[in-house]
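A closer look at the structure
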Amino acid sequence: MTRRQKAIAFFVTLCVLLVAAAVSLNIGWVFINSRSLAPLVLGVISFALIIAGLIVYTVFLVLEIKRNEDHDTFINAVTHELKTPIASMRLYLQTLQSRDIDEQRRQEFYAIMLADADRLHHTVDQVLAAGASGQKAKAVIRSPIDASALARDCVRLALARHHLDAGAITLDTPADGPTVNGDAEQLATVVTNLLDNAVKYSAGNVRVAVSVAVPAPDTVWIRVQDRGMGIAPKQLKRIFKRFYRVQARDLRNIKGTGLGLYIVRSIARAHNGRVFAQSEGLGRGATFTLELPRLATDAVTPAEGQADADASHPEVVK
Amino acid sequence: MSRVLIVEDEQHIADGLRFNLEAEGHDAMVAPDGESALRMLLVERQPVDVLILDIMLPGKDGFTVASELRAAGEYVPTLMLTARGSAEDVLRGFEAGADDYLPKPFELSILIARVNGLLRRRRWNEHDPPGSSGTSDTPAPDVYTFAGRTLDFTAMQVHAHDKSHRLTVMECDLLRYLVKNANQPVSRRAILQEVWGLPEGVDTRAIDNFIVRLRRYIEDGPAAPKFLQTVRGVGYRFVPRP
């Protein structure tokens with residue numbers, strides 16, 4: 001039992017005891033005042049309020065303790081994600097500084113340091129993106145985007161970044177790519193995060209299918225399906241919470257900040273869309289679907305015209 | 001040639017360490033997780049002179065690996081690497097049986113110096129069983145005797161009633177400090193700061209676990225200690241002749 005579990009158990013027990021005390025006092029009150037109606041009714045109402053207050057208080061307390069725990073997990077994960085690439089880069093820089101190293105090795109070391117810098121950059125980006133999506137006021141700069149082209153670009157980048165064969169991630173898109181209205185960079189972040197997760201939780205055997213579909217005339221789906229470790233049913237919603245990471249024995253070697261899916265959800269909502277996860281259970285892979293409103297084809301032209309007008313008359317925008 | 005086992009799941013750091021240790025003339029191996037390190041040391045019985053142990057490992061973490069090694073009687077000198085670097089982590093590492101620690105990111109030259117320091121201790125232990133006279137690169141034997149017990153700070157061993165116990169560097173330093181201040185009360189805070197160089201604000205109760213272990217080595221009845229007394233409200237006092 002961790003300290004937090006103990007704290008939760010303590011407060012829940014305290015709440016139960018206080019509620020029990022209040023209930024027995026209430027029963028006593030009912031007996032004493034059984035003949036006069038006014039104190040009886042007033043007393044019962046007051047006791048009901050006290051009991052309800054106790055329960056609400058305890059529930060909030062327990063939720064707060066749990067949030068604190070997620071926050072600690074996050075700090076630990078981010079500390080690790082920030083310090084590890086820095087430690088690695090320092091190690092190689094000091095090696096280069098203090099030893100005679102042949103040219104080939106030197107190039108190897110540069111490549112390793114570049115990869116570390118990329119990893120650091122990625123973590124910083126995630127943290128900043130999560131911070132930005134916490135601020136609701138930030139408006140999305142929208143432009144029409146070809147969902148198929150977006151998916152294709154993300155798949156290409158993911159294959160390169162994870163050094164995968166072309167067959168590891170397949171792509172299935174309709175010939176005429178459906179158009180969505182949104183911020184190209186943010187939507188690319190969504191698909192990239194989903195793809196990174198799919199690769200990360202595939203335990204080396206990466207077989208990911210990306211598809212773009214139009215399930216209803218006004219809806220576009222971008223789906224990322226993997227055959228990896230899968231997700232337990234009760235985790236399917238929680239994984240989108242900020243800082244949340246699934247705690248399981250065989251997942252502990254998978255590093256992350258617990259921000260990726262939170263960012264995905266925030267961006268999806270800012271685009272009036274949603275994202276959801278499906279899985280048949282542990283070991284059976286998972287499917288993530290990004291659902292966005294489809295931009296009607298006839299609406300594309302005016303929107304583009306609007307964008308052009310804005311570009312040619314920047315002072316009008318103000 | 002000395003054999004160093006690096007237990008580190010971050011491949012870049014593991015490779016960088018291996019490269020440097022090999023450049024220093026050591027024979028370096030890498031284990032990517034705790035289970036494989038335990039297998040190499042306890043099952044395959046691979047000869048290892050120094051262990052470099054990361055704390056955040058997949059599966060069994062560094063603390064678990066260190067305490068399982070000690071429980072199995074394997075006292076390979078261990079240098080812990082920790083990214084969190086909090087004093088609580090460091091103390092937990094010492095309790096688990098680590099001999100030294102470095103926070104990440106570390107200074108390469110310091111890491112190599114620490115590894116060489118641990119290797120030196122290892123050599124003294126191997127070539128100079130307690131009681132034998134020192135050779136040229138061995139310091140003078142540093143032995144303290146009281147009430148039929150012998151504390152050998154060079155070989156890092158305790159002998160009491162025909163039984164010997166190996167000490168970790170941390171236990172050894174703590175005993176030496178208590179002996180130096182024999183018959184005087186020593187505060188927990190002083191132990192943390194002067195013996196282990198840890199900052200203030202650390203939970204000083206962590207020391208109690210060390211004291212419990214030391215009592216098991218030197219006391220007849222660890223529950224009613226005679227030599228290592230608790231001074232209520234202050235800390236501890238070592239009394240060689242109670």
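Predicted, not measured: the structure shown is a model, and the values here were computed from it.

Turning next to the overall build of chain A. The secondary structure content of chain A amounts to 8 helices and 7 strands. Per-residue burial for chain A yields a buried fraction of 38% across its 318 residues. Counted over contacts in chain A with a minimum sequence separation of 6, partners at least 24 positions apart contribute 70%. Here chain A displays about 18800 Å² of accessible surface, and carbon together with sulfur accounts for 59% of that area.

Summed over all chains, the structure comprises 10 aromatic pairs over all chains. When the ring of Phe 109 of chain A is compared with that of Phe 19 of chain B, the centres are 5.1 Å apart and the planes differ by 90°; the resulting orientation is edge-to-face. Here Phe 109 of chain A is found in helix α3 (residues 103-134), whereas its partner Phe 19 of chain B is found in helix α1 (residues 11-23) on a different chain. Classification of Phe 19 of chain B by relative accessible area gives buried; the value is 15%. Between Trp 221 of chain A and Phe 276 of chain A, the ring centres sit 6.1 Å apart and the planes meet at 75°, which makes this aromatic pair edge-to-face.

Residue and element names in this part refer to chain A. Counting buried positions along strand β7 (residues 286-293) yields 7 of 8 residues, so the element is predominantly enclosed. Where strand β5 (residues 219-226) and β7 come together, 8 bridges link them in antiparallel fashion. Bridge pairing in β7 links Gln 225 to Thr 287. As defined by bridge partners, strand β6 (residues 274-278) adjoins β7 across 5 bridges and the pair is classed as antiparallel. When the sheet's bridge partners are listed, Arg 274 is paired in β7 with Glu 291.

Turning our eyes to something else, we now look at the environment of Arg 149 of chain B. Residue and element names in this part refer to chain B. Within the element layout of this structure, Arg 149 appears in strand β7 (residues 149-152). For the pair Arg 149 and Ser 164, spaced 15 residues apart in the sequence, the C-alpha separation amounts to 9.9 Å. In contact with Arg 149, not counting residues within four places along its chain, are Tyr 144, His 159, Ala 160, His 161, Ile 218, Glu 219, Asp 220 and Phe 227. Of the polar contacts made by the side chain of Arg 149, one reaches the backbone oxygen of Ala 147; its length is 2.8 Å.

Remember that side chains alternate between the two faces of the sheet whenever the strand is regular. All names here are of chain B. The pairing of strand β8 (residues 157-160) with strand β9 (residues 163-166) spans 4 bridges and is classified as antiparallel. Paired with His 159 across the bridge in β9 is Ser 164. If you look at the hairpin formed by β8 and β9, you'll find 2 residues sitting between the two strands, and His 161 has a positive phi there, around 50°.

Here we come to the sheet that holds strand β6 (residues 143-146) of chain B. Residue and element names in this part refer to chain B. Sheet architecture is open: 4 strands sit in the order β6-β7-β8-β9, paired in antiparallel fashion. The outermost strands of the open sheet, each flanked by one partner alone, are β6 and β9. Neighbour to neighbour, the strand axes of the sheet diverge by 15° on average, direction disregarded.

This part takes up the interface of chain B and chain A. Facing 23 residues of chain B, the contacting portion of chain A comprises 26 residues. Summed over both partners, the interface of chain B with chain A buries about 2100 Å², with 57% contributed by carbon and sulfur atoms. The tally of links between chain B and chain A comes to 3 salt bridges. The residue Glu 107 of chain B makes a salt bridge to Arg 90 of chain A at a minimum N-O spacing of 2.7 Å. Along the contact surface separating chain B from chain A lie 10 residue pairs in polar contact (both at pLDDT 80 or more). The element contributing the most residues to the side of chain B that touches chain A is α1 of chain B, with 8 residues.

Calculation notes
- Position numbers for residues count from 1 along each chain, tracking the sequence in the order it is written.
- In the order they appear in the text, chains get letters beginning with A and ligands get numbers beginning with 1.
- This being a predicted model, a pLDDT of at least 70 is required before a residue's local features are given, and a value of 80 or more before pairs of side-chain atoms are given or counted; all residues contribute to the totals for chains, interfaces and linings.
- Heavy atoms throughout the structure, all of them, feed into the side-chain values; hydrogens and water do not.
- Secondary structure elements follow DSSP: runs of H or I no shorter than four residues count as helices, runs of E no shorter than two count as strands, and numbering proceeds from the N terminus.
- For every residue, the accessible area (1.4 Å probe, protein chains only) is compared with the maximum for its type, and the residue is labelled buried under 20%, exposed over 50%, or partly exposed between those bounds.
- In what follows, residue pairs with any heavy atoms lying within 4.5 Å of each other are defined as contacts.
- Each accessible area is a Shrake-Rupley result for a 1.4 Å probe, and residues are judged covered by the shown protein chains and nothing else.
- Between 30 and 60 degrees the pair is tilted, below 30 it is stacked and above 60 it is edge-to-face, where a pair is any two Phe, Tyr or Trp rings, Trp via its six-membered ring, whose centres lie within 6.5 Å.
- Strands pair, by our definition, only if DSSP identifies at least two bridges between them.
- Two N or O atoms form a polar contact when they lie within 3.5 Å of each other; inside protein one atom must be a possible hydrogen donor and the other a possible acceptor, and for residues adjacent in sequence the pair counts only when both atoms belong to side chains.
- Every angle, taken between N-to-C directions, lies between 0 and 180 degrees, and every axis is a line fitted to C-alpha atoms, over only the stretch in contact when it is a helix.
- In short, buried area is how much 1.4 Å probe accessible area vanishes from two parts on joining, totalled over both.
- The term salt bridge refers to a pairing of a side-chain nitrogen on Lys or Arg with a carboxyl oxygen on Asp or Glu at a separation within 4 Å.

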